[in-house]
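An overview of the molecular structure
Each chain, letter by letter, is given below.
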Amino acid sequence: MAGPNAGDSMPLLTVIIPVYNEDRTLKELLRQVLAVPIAKQILIVDDGSTDGTALLLEQLKREAPITALRHQENQGKVAAIRTALPHAIGFYTIVQDGD
């Protein structure tokens, strides 16, 4: 694996955002993550939300460079992170809470 300064197209950072019933906070959180001036991949995992989070993610996928993944039922934060990890392509990976 090449290092972060190797000049390849791999993003420096993958940001995993597990969310559960975050329809009121997700848009602002995503705005703040996108504002960080670094090459990044954003993976958002909806962990079976029962509010409007799933619908909001569908909208955000059309507006922002994110990958949205979804659990049909709530499985917990660790399961959401494990769902995202195989999709992570950044040199570094971090988890950003959704709230």
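Look up a bit, the structure's there.
A brief report on the enclosed structure follows. What you are looking at is a predicted structure, and each value in this text was computed from that prediction instead of being measured.

Analysis parameters
- Throughout this document, residue positions are counted from 1 along each chain, in the order its sequence is written.
- Note on the predicted model: pLDDT of at least 70 is required for a residue's local features to be given, and 80 or more for side-chain atom pairs to be given and counted; whole-chain, interface and lining totals, by contrast, use all residues.
- By convention in this description, side-chain values take in all heavy atoms of the structure and omit both hydrogens and water.
- Here, strands pair whenever DSSP counts at least two bridges between them.
- Helix and strand definitions here come from DSSP, where helices need a minimum of 4 consecutive H or I residues and strands a minimum of 2 consecutive E residues; each element is numbered from the N-terminal end.
- Handedness of a crossover is defined as follows: orient the strands so they point away from the viewer, and if the path from the first strand over the helix to the second runs clockwise, the crossover is right-handed.
- Relative accessible area decides the class of each residue, using a 1.4 Å probe on protein chains only: under 20% of the type maximum gives buried, over 50% gives exposed, and in between gives partly exposed.
- When we speak of the arc, we mean the arc of directions from the helix axis to the C-beta atoms.
- Residue contacts are defined here by distance: any two heavy atoms, one from each residue, within 4.5 Å place the two residues in contact.
- Whenever a nitrogen or oxygen atom comes within 3.5 Å of another N or O atom, the pair is scored as a polar contact, on the condition that within protein one atom can donate a hydrogen and the other can accept it, and that pairs from neighbouring residues in sequence are kept only if both atoms are in side chains.

Topic: the pairing of strand β3 (residues 66–71)
Here strand β2 (residues 40–47) pairs with β3 via 6 bridges, running parallel. By the bridge assignment for β3, Asp47 is matched with His71. For the crossover from β2 across helix α2 (residues 53–63) to β3, the handedness is right-handed.

Some points on helix α1 (residues 26–35)
Within the sequence span of α1, burial applies to Leu26, Leu29, Leu30 and Val33. What you see down the axis of α1 is that its buried residues fit within an arc of 95 degrees, all on one side. The secondary structure elements touched by the buried residues of α1 are β1 (13–19), β2, α2 and β3.

Points about the environment of Ser49
As for its position among the elements, Ser49 is in the loop between β2 and α2. Each C-alpha atom, one on Ser49 and one on His71, is 8.4 Å from the other, the two residues being 22 residues apart in sequence. Filtering out sequence-adjacent residues up to four positions away, Ser49 remains in contact with Val19, Tyr20, Asn21 and Arg70. Among the polar contacts made by the side chain of Ser49, one reaches the main-chain amide nitrogen of Asn21 at a distance of 2.7 Å. Within polar-contact distance, the side chain of Ser49 engages the side chain of Asp46 at 2.5 Å.

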